[in-house]
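Okay, here's what each chain looks like letter by letter:
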Amino acid sequence: MAVLHPLLNTAVRAARRAGSVISRASLDLESVTVSKKRQNDFVTEVDRAAEQIIVEMVTRAYPDHGILAEESGVSGAASAEFVWIIDPLDGTTNFIHGLPQYAVSIGIQHRGVMQHGCIFDPTRNELFTASRGRGAFLDDRRIRVSGASGLRDSLIGTGFPFRDGEDLERYLGMFSAVTQNTAGIRRAGAAALDLAYVACGRLDGFWNLGLAPWDMAAGALMVIEAGGLVTDLEETENWLDKGEIACGTPKVFAPLIQLLGKRRPPPEVSPAA
């Protein structure tokens, strides 16, 4: 059994506690209060309750740490070296509809560098964990990205831009290119789990636009620790700030990022004076 770092151990306990709240609520979805943050972006009382549990456990154990959480935003020590990046229920729309594809995601940064992450899927009781330099695990089993030898036979995950104002046209060009050059695309609706699935070999690659830090923080670290490659679409390490991500096995990543890059819209040309 893998020995967890104390920080990661706290994250795991918090994720499991939050997962219990989510699982109980899933038994009676009709009674769950749902509100809209913006177009196609929902929040429920379950998101807030799960987040409150995580935040309380973290602040009690590490009162000098900072927190960036999806529902409550930034809290904790302003100059904290450690920051917890929390998504209490990634895949809220799936949850609302009773589709069992959602998870709790918690990432931990130290001085801006991701160090630990956990993703807990309460519907399958699967726990994904990773610590920088120590590998990635599904429950107690070490995981690695798939042995996919190229893009043509690979299965790629993605997520459609769904909020108002996002660049759907740009995305559709990418979707078309990837569809024509792979074995298939899957859009499951929970980016954290998609990234975990790349880490354990269920998907060979993944890309998405318009994400928030809490969607990517834990999962991206898992892909890296499982032997995969992760960048933004410009092939830099600014994915957390830019809100876009591409990742994959070493042999899938290069052709995937090339396809995505080719699908950028041409620069606008100012009309002649």
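Residues numbered from 1 in each chain as written. Predicted model: local features only at pLDDT ≥ 70, side-chain atom pairs only at ≥ 80, totals over all residues. Heavy atoms only, no water.

Chemist: I'm lost on the confidence of the model for the protein chain in this one. Help?
Modeler: Low-pLDDT portions of the prediction should not be read for the details of their coordinates. The pLDDT averaged across the protein chain works out to 90; a share of 90% of its residues lies at or above 70. Long-range and interchain partners of residues 264-273, a stretch whose pLDDT sits below 50, account for four contacts in this model, where long-range means more than four residues apart. (pLDDT = per-residue confidence, 0-100. Contact = heavy atoms within 4.5 Å.)

Chemist: When you look at the nonpolar core in this model, what are you seeing that I'm missing?
Modeler: It is characteristic of soluble globular proteins that their nonpolar side chains tend to be buried jointly. Membership of the largest hydrophobic core comes to 38 residues, with the highest contact counts inside it found for Ile119, Phe128, Met222, Trp239 and Ile245. Elements represented by at least two residues in this core include exactly strand 7 (113-121), strand 8 (126-131), strand 9 (135-138), helix 5 (191-199), helix 6 (213-225), helix 7 (239-242) and strand 15 (245-248). When near neighbours in sequence (up to four residues on either side) are disregarded, Ile119 contacts Ala103, Val104, Ser105, Glu126, Leu127, Phe128, Ala192, Leu193, Ala196, Ala218, Gly219 and Met222. (Core = buried A, V, L, I, M, F, W, Y, C linked by side-chain atoms within 4.5 Å. Buried < 20%, exposed > 50% of the residue type's maximum accessible area, 1.4 Å probe, protein only. Helix = DSSP H or I, 4+ residues; strand = E, 2+ residues; numbered from the N terminus.)

Chemist: Quick question: what am I supposed to make of the pairing of strand 8 here?
Modeler: Two faces make up the sheet, and in a regular strand the side chains alternate between them. Within strand 8, six of the six residues are buried, which leaves it mostly tucked inside the rest of the structure. Burial of strand 8 is two-sided: the residues Glu126, Phe128 and Ala130 facing one way and the residues Leu127, Thr129 and Ser131 facing the other way are all buried. The pairing of strand 7 with strand 8 spans six bridges and is antiparallel. If you follow His116 over to strand 8, its bridge partner there is Ser131. (Pairing = 2+ DSSP bridges.)

Chemist: Looking at this structure, how should I read unusual backbone geometry?
Modeler: The phi angle of most residues is negative, glycine excepted, and most peptide bonds adopt the trans form. The backbone phi angle of Asn125 is positive, close to 55 degrees, even though this residue is not glycine. With respect to the helices and strands, Asn125 occurs in the loop between strand 7 and strand 8. We classify Asn125 as partly exposed; its relative accessible area is 47%. Despite not being glycine, Asp139 has its phi angle at roughly 55 degrees, a positive value. Along the chain, the position of Asp139 falls in the loop between strand 9 and strand 10 (141-143). Using a relative accessible area of 34% as the deciding quantity, one classes Asp139 as partly exposed.

Chemist: What am I meant to see in helix 5 here?
Modeler: What sets the pattern is the α-helix's 3.6 residues per turn: residues three or four places apart point alike. Counting buried residues along helix 5, nine of its nine residues qualify, which places the element largely inside the surrounding structure. Three or more residues of helix 5 are buried, namely Ala191, Ala192, Leu193, Asp194, Leu195, Ala196, Tyr197, Val198 and Ala199. A positive phi of about 90 degrees marks Gly201, the residue just after helix 5.

Chemist: For this particular structure, what's the right way to read the packing of aromatic side chains?
Modeler: Think of a pair of aromatic rings as described by two things: how far the centres are apart, and how the planes are tilted against each other in angle. Tallying each qualifying case throughout the model produces five aromatic pairs. Each residue in the set Tyr171, Phe175 and Trp207 is aromatic and connected to the rest through ring pairs, giving one cluster. (Phe/Tyr/Trp six-rings, centres within 6.5 Å; stacked < 30°, edge-to-face > 60°.)

Chemist: Looking at this structure, I do not really get the side chain of Asp232. What am I missing?
Modeler: Locating Asp232 in the fold gives a position in the loop between strand 14 (229-231) and helix 7. For Asp232, a relative accessible area of 0% corresponds to the buried category. In this structure the side chain of Asp232 is engaged in a polar contact, spanning 2.8 Å, whose partner is the backbone nitrogen of Glu234. Dropping the residues within four chain positions of it, Asp232 is found in contact with Asn238, Trp239, Lys242, Glu244, Ile245 and Ile257. (Polar contact = N/O pair within 3.5 Å; in protein donor to acceptor, adjacent residues only side chain to side chain.)

Chemist: Teacher, can you tell me more about the sheet that holds strand 13 (residues 205-208) here?
Modeler: Two pairing modes exist for strands in a sheet, parallel and antiparallel, and in both the strands are linked by backbone hydrogen bonds. Judged by pairing direction, the sheet is mixed, and its five strands sit side by side in the order 12-11-13-15-14 without closing on themselves. Taken across any chain shown, the strands that pair with only one partner, and hence form the sheet edges, are strand 12 (184-186) and strand 14. Pairwise comparison of adjacent strand axes, ignoring direction, gives a mean angle of 20 degrees for this sheet. Summarising the sheet, strand 11 (residues 155-159) and strand 13 pair through four bridges and their orientation is parallel. Counterpart to Gly159 in the pairing with strand 13 is Asn208. Each of strand 11, strand 13 and strand 15 is contacted by helix 5, which is oriented at about 155 degrees to strand 13, the strand it contacts most. (Axes fitted to C-alpha atoms, helices over the stretch in contact; angles between N-to-C directions.)

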